[in-house]
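# Observations on the three-dimensional arrangement
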Amino acid sequence: MLKIENISYKKNGKQILKNVSFELTKGDKIVLLGLNGSGKTTLLKLLNALCFADEGTFIFDGEKVEKKSFTKQFEKSFRQKCVLLFQNYEAMFFCKNIYEDISFSPVRFGLFDIEQRVCMAANMFGLGEKLDEFAFNLSGGEKQRAALACIFALSPELILLDEPTSALDPFWSARLVELLEGCGATVVTATHNLSLAAELGRRSIVMKDGEVLFDGATDKFLADKELMDSAGFMHSHKHRHDGEMHEHMHVHDLY
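Described in the following lines is the structure provided in the data block. Everything quoted here is computed from the prediction, not taken from an experiment. (Residues numbered from 1 in each chain as written. Predicted model: local features only at pLDDT ≥ 70, side-chain atom pairs only at ≥ 80, totals over all residues. Heavy atoms only, no water.)

## Considerations on the packing of helix α3 (residues 98–108) against helix α5 (residues 140–152)
As a reminder of what qualifies: Simply put, an axis is a line fit to the C-alpha atoms, just over the touching stretch for a helix, and the angle between two N-to-C directions goes from 0 to 180 degrees. A run of DSSP states H or I qualifies as a helix once it reaches four residues; a run of E qualifies as a strand once it reaches two. Both are numbered from the N-terminal end. Crossings are classed by handedness, with left-handed meaning an anticlockwise turn of the near helix from the far one by less than a right angle and right-handed meaning a clockwise turn. Residue contacts are defined here by distance: any two heavy atoms, one from each residue, within 4.5 Å place the two residues in contact. Three classes are used, and their members are as follows: Ala, Val, Leu, Ile, Met, Phe, Trp, Tyr, Cys and Pro are nonpolar, Asp, Glu, Lys and Arg are charged, and the others, Gly among them, are polar.
Contact geometry for α3 and α5: axes closest at 7 Å, N-to-C directions at 30°. For the crossing formed where α3 meets α5, the hand is right-handed. Here α3 contributes I98, D101 and I102 to the contact with α5, which in turn contributes A146, A149 and C150. Of the residues in the contact of α3 with α5, the class split is five nonpolar, no polar and one charged.

Laid out in structure tokens, this is it:
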């Protein structure tokens, strides 16, 4: 479904991504891990064609994705198939109520059954009674769920999520995991929440300094202290016990 090969990207002269390569097949559920500044968000934006690589190749559904190929016709087809939940999810709201926010993209793409799509997506995220509300009157968790509903209403082939549980309580975090697991879309989820990582994807792509540090089974990564330490998810803690200094390793779980 998707292949990127030796992708590199600079911004303002700074190397953000360097020689990134991987492939995704239809229905894959991938978790994207790495500390702040590791390149996760930029990689998601590149996969959503909000920026384009300086070097390397990006293939989606058999077609090369690059600036010169991004005609209006190609863009319309691509954006219907590939959607991104921004880390700043409030940027996705600009209509007078939640109904119009959720329906905006399906209407734009000329899809049928708009009302059915909106109601289905809203009910999936517990917002069926909130459709007349202005988004900025909702709580933080409700806003994030509304942003997710905007994505699910499109029934896309590729879902890209940047910290999708940052404002969700444990119930809705678990519910999102269920919804993602049950959907037929390919999903790439960037998160700092290591406690959810294995549920969000059996395969992990771990970023460090703009490069892929690890690409493999999530359980394997989480069980490898050296890899976890190299990725920055562990730190040493020293303390004195019975007159002797001891050092222990602890895992960072940022949310």
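Still to come is the rest of the account.
## Considerations on the packing of aromatic side chains
Condition: The pairing test for Phe, Tyr and Trp rings, Trp by its six-membered ring, is centres within 6.5 Å, and the orientation test on the planes gives stacked under 30 degrees, edge-to-face over 60, and tilted for anything in between. Classification of residues uses two cut-offs on accessible area relative to the type maximum, computed with a 1.4 Å probe and protein chains only: under 20% is buried, over 50% is exposed, and between them is partly exposed.
Enumeration according to the criterion identifies twelve aromatic pairs in this entry. A centroid spacing of 5.5 Å and a plane angle of 70° characterise the contact between F70 and F74, whose relative ring orientation is edge-to-face. Each member of the pair F70 and F74 is classed as buried. Centroid distance F74 to F78: 6.2 Å. Interplanar angle 20°. Geometry classified as stacked.

## Notes on the side chain of R79
Structurally, R79 is set in helix α2 (residues 72–81). Not counting chain neighbours up to four residues away, the residues in contact with R79 comprise N48, A49, L50, F70, F109 and L154.

## What to know about helix α1 (residues 40–47)
Burial analysis of α1 places six of its eight residues in the buried class, which makes it a mostly covered element. Buried within α1 are the following residues: K40, T42, L43, L44, L46 and L47. One or two residues past the end of α1 sits A49, with phi positive at roughly 60°.

## With respect to the pairing of strand β4 (residues 55–60)
Stated formally: Any two strands with at least two DSSP-identified bridges between them are counted as paired.
As paired elements, strand β1 (residues 2–11) and β4 share five bridges and run antiparallel to each other. Along β4, the bridge assignment pairs I4 with F58.

## Digging into the sheet that holds strand β5 (residues 63–64)
Remark on secondary structure: sheet strands pair via backbone hydrogen bonds, oriented parallel or antiparallel. Taken in spatial order, the four strands make up an open sheet running β2-β1-β4-β5, and their pairing is antiparallel. Of all strands in the sheet, those with a lone pairing partner are β2 (14–24) and β5, marking the two edges. In the packing of α1 onto the sheet, contacts are made with β1, β2 and β4, and the angle to β2 comes to roughly 60°.

## Thoughts on the sheet that holds strand β3 (residues 29–33)
With mixed pairing, the six strands of this open sheet are ordered in space as β6-β7-β8-β3-β9-β10. This sheet does not close on itself; its edge strands, each paired only once, are β6 (82–85) and β10 (211–217). Neighbouring strand axes in the sheet, compared pairwise and without regard to direction, differ in orientation by 15° on average. When β3 meets strand β8 (residues 186–190), the two strands line up parallel, connected through four bridges. Considered in β8, the bridge of V31 is made with T189. Each of β6 and β7 (158–162) touches α2; the most contacted strand, β6, lies at about 60° to it. Across the sheet, α5 is in contact with β6 and β7; its angle to β6 comes to roughly 180°.

## Some details on the environment of F134
With respect to the helices, strands and loops of the structure, F134 is situated in the loop between α4 (114–124) and α5. Between the C-alpha atom of F134 and that of F93, which follows or precedes it by 41 residues, the distance is 9.0 Å. Setting aside chain neighbours within four positions, we find F134 in contact with C95, K96 and N97.

## Observations regarding the environment of C82
Following the sequence through the fold, C82 ends up in strand β6. Along the backbone, C82 and A185 are 103 residues apart, and their C-alpha atoms lie at a distance of 9.7 Å. Filtering out sequence-adjacent residues up to four positions away, C82 remains in contact with L47, N48, L158 and L160.

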